[in-house]
Amino acid sequence: MAPQPLNQYLDCCATTPLAPEVAERMAAVQSQAWGNPSSLHGFGLAAAEQLERSRQGIAALLGCDRERLVFTSGGSESIHLALLGSAPALELSTTSGGAPRLLLSAVEHPASRAAAAALEQRGWLVQDVPVDHLGAIDLEAFERLLAPPTRLVSLIWGQSEVGTIQPVERIAALCRSAGVMLHLDAVQVLGHQPLRLAELPVDLLSFAAHKIQGPRGVGALVLKPGVELQPCIGGGGQEGGLRSGTEAVALVAGFEAALHLANDRLVAHGGRDPVAPLRDALVSALLVMQGVELSGPDPREASHPARLSHHLSLLVRGRDGDWLNGRQLVQALWREGFACSSGSACSSSGSAASAVLLAMGYEPAAAAAGLRLSLGPWHGSELLQQVPQALERARAAL
Ligand SMILES: Cc1ncc(COP(=O)(O)O)c(C=O)c1O
């Protein structure tokens with residue numbers, strides 16, 4: 001495939017290209033601190049010191065203690081460690097004698113669904129909290145469901161397919177007063193809003209570096225003090241015994257460098273993601289087209305829930321008025337040079353209706369029409385003309 005202009009890459013919720021500064025940093029760390037951090041000689045010590053510097057840097061940027069960070073391979077592994085790792089202690093402390101319950105939202109990422117299915121096999125009850133037409137969880141139903149035997153809640157903070165941001169402060173307060181452990185899948189919010197994790201009463205949070213121009217293959221689970229976890233991967237006892245395996249020192253350094261860049265952007269713009277105004281303008285430019293609808297919250301509408309700042313998702317009708325299949329539209333847009341996606345970030349393989357849109361109340365044909373465009377910090381206002389034109393040509397070709 002010929003190299004495509006980055007400007008036409010509109011799939012940053014799936015993954016992002018490495019920032020040049022991140023690539024440079026990783027190359028430097030890999031050449032200077034390539035040893036095994038557990039080794040007792042100078043090569044090992046250099047690697048261990050580098051890892052510790054990155055750990056402290058990332059903890060400072062996330063606003064949490066360095067002891068609370070466990071490095072993993074990315075979002076999916078962090079989610080599995082959070083859910084499967086916390087289950088044994090919760091099972092032991094379930095006094096009723098019956099099965100403990102896990103609550104999810106109806107719009108979780110497949111990684112959380114898979115971890116929940118594994119808990120179900122261990123005898124857990126798993127229940128979905130319903131969401132409304134904008135993807136926001138039903139807080140009244142949630143509060144009711146927090147009663148015993150619920151012991152654990154896992155929620156997607158920023159929904160990857162439709163962009164809905166859940167009210168996590170309220171959710172955390174409810175979980176806290178019910179004495180229920182809370183895990184947040186924070187993979188999509190990372191880098192797009194300031195995080196002060198020490199001030200957020202959440203027990204576990206999952207992150208991945210590759211959504212913020214960091215490397216693929218590294219992420220983190222952040223734990224609150226007192227959370228008891230059993231490792232999913234045993235061996236050499238790295239990461240405080242919670243995640244064995246020789247540490248990926250250069251990847252962690254790349255994670256830190258990417259987080260620095262994202263944080264600098266937020267700080268320079270008063271804590272706001274500078275891509276949000278462009279996204280809002282793109283929403284306006286697309287919604288004037290006939291037969292184009294937004295799914296998820298409208299970021300220009302104050303009464304709607306918040307939306308991921310780099311994210312927009314659409315449903316598009318063809319000339320006959322029927323919904324166009326999202327996958328076919330993605331392929332047609334790619335023929336116009338634009339990379340975007342349908343369905344969730346990592347599972348664009350099935351042409352079936354999106355479980356997320358179905359859970360939001362869309363009928364099956366509409367739920368198969370989802371199209372997602374997600375922006376990066378390099379994008380500019382030329383998109384405002386180019387994207388509607390490309391979408392018009394793509395739909396005319398179908
Ligand atoms: C919300 C969300 N959670 C979890 C994941 C999984 O992360 P990873 O691909 O790093 O395993 C993704 C990836 O798309 C995601 O968008």
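Parameters and conventions
Residues numbered from 1 in each chain as written. Predicted model: local features only at pLDDT ≥ 70, side-chain atom pairs only at ≥ 80, totals over all residues. Heavy atoms only, no water. Helix = DSSP H or I, 4+ residues; strand = E, 2+ residues; numbered from the N terminus. Rg over C-alpha atoms; globule rule 2.2 N^0.38 Å. Buried < 20%, exposed > 50% of the residue type's maximum accessible area, 1.4 Å probe, protein only. Contact = heavy atoms within 4.5 Å. Areas by Shrake-Rupley, 256 points an atom, 1.4 Å probe, with all protein chains shown as cover. Lys, Arg positive; Asp, Glu negative; His and termini not counted. Charge placed at Lys NZ, Arg CZ, Asp CG, Glu CD. Near = heavy atom within 4 Å. Polar contact = N/O pair within 3.5 Å; in protein donor to acceptor, adjacent residues only side chain to side chain. Nonpolar A, V, L, I, M, F, W, Y, C, P; charged D, E, K, R; others polar. Pairing = 2+ DSSP bridges. Axes fitted to C-alpha atoms, helices over the stretch in contact; angles between N-to-C directions.

Q: Give a description of the overall build of the protein that names residues and reports values.
A: Assigned secondary structure in the protein consists of twelve helices and ten strands. In terms of overall size, the protein behaves like a compact globule, its C-alpha atoms giving a radius of gyration of 21 Å where 398 residues would be expected to give roughly 21 Å. In terms of principal-axis extent, the alpha carbons of the protein reach across some 65 × 55 × 35 Å. Taking all 398 residues of the protein together, 55% fall into the buried category. Expressed as a percentage of contacts within the protein between residues at least 6 apart in sequence, the contacts between residues at least 24 apart total 72%. Accessible surface computed for the protein: about 16,300 Å², of which carbon and sulfur atoms make up 54%. Computed over 29 positive and 37 negative side-chain charges, the inter-centroid distance for the protein is 1 Å.

Q: Please set out the site of the ligand residue by residue, giving values where relevant.
A: Around the ligand, a shell composed of 15 residues is seen, among which Gly75, Ser76, Asp185, Gln188 and Lys211 lie nearest. Between an oxygen atom of the ligand and a side-chain N or O atom of Ser76, the distance comes to 2.7 Å. Within the side chain of Lys211, an N or O atom sits 2.5 Å from an oxygen atom of the ligand. Within the complex, 91% of the 390 Å² of free accessible area of the ligand lies under protein. No other element matches the three residues that helix α3 (residues 75-92) contributes to the shell around the ligand. Tallied by class, residues from the shell around the ligand come to six nonpolar, seven polar and two charged.

Q: With reference to specific residues and values, describe the sheet that holds strand β10 (residues 371-374).
A: Taken together, the three strands give an open sheet; going across it, the order is β8-β9-β10, and neighbouring strands pair in antiparallel fashion. Edge positions in the sheet fall to β8 (292-294) and β10, since each has one partner strand and no second. Taken over all neighbouring pairs, the strand axes of this sheet differ in orientation by 35° on average, direction set aside. With three bridges joining them, β8 and strand β9 (residues 311-316) adopt antiparallel strand pairing. When the sheet's bridge partners are listed, Val292 is paired in β9 with Val316. Sitting on the sheet, helix α8 (residues 276-287) touches β8, β9 and β10, and the angle it makes with β9 is about 10°.

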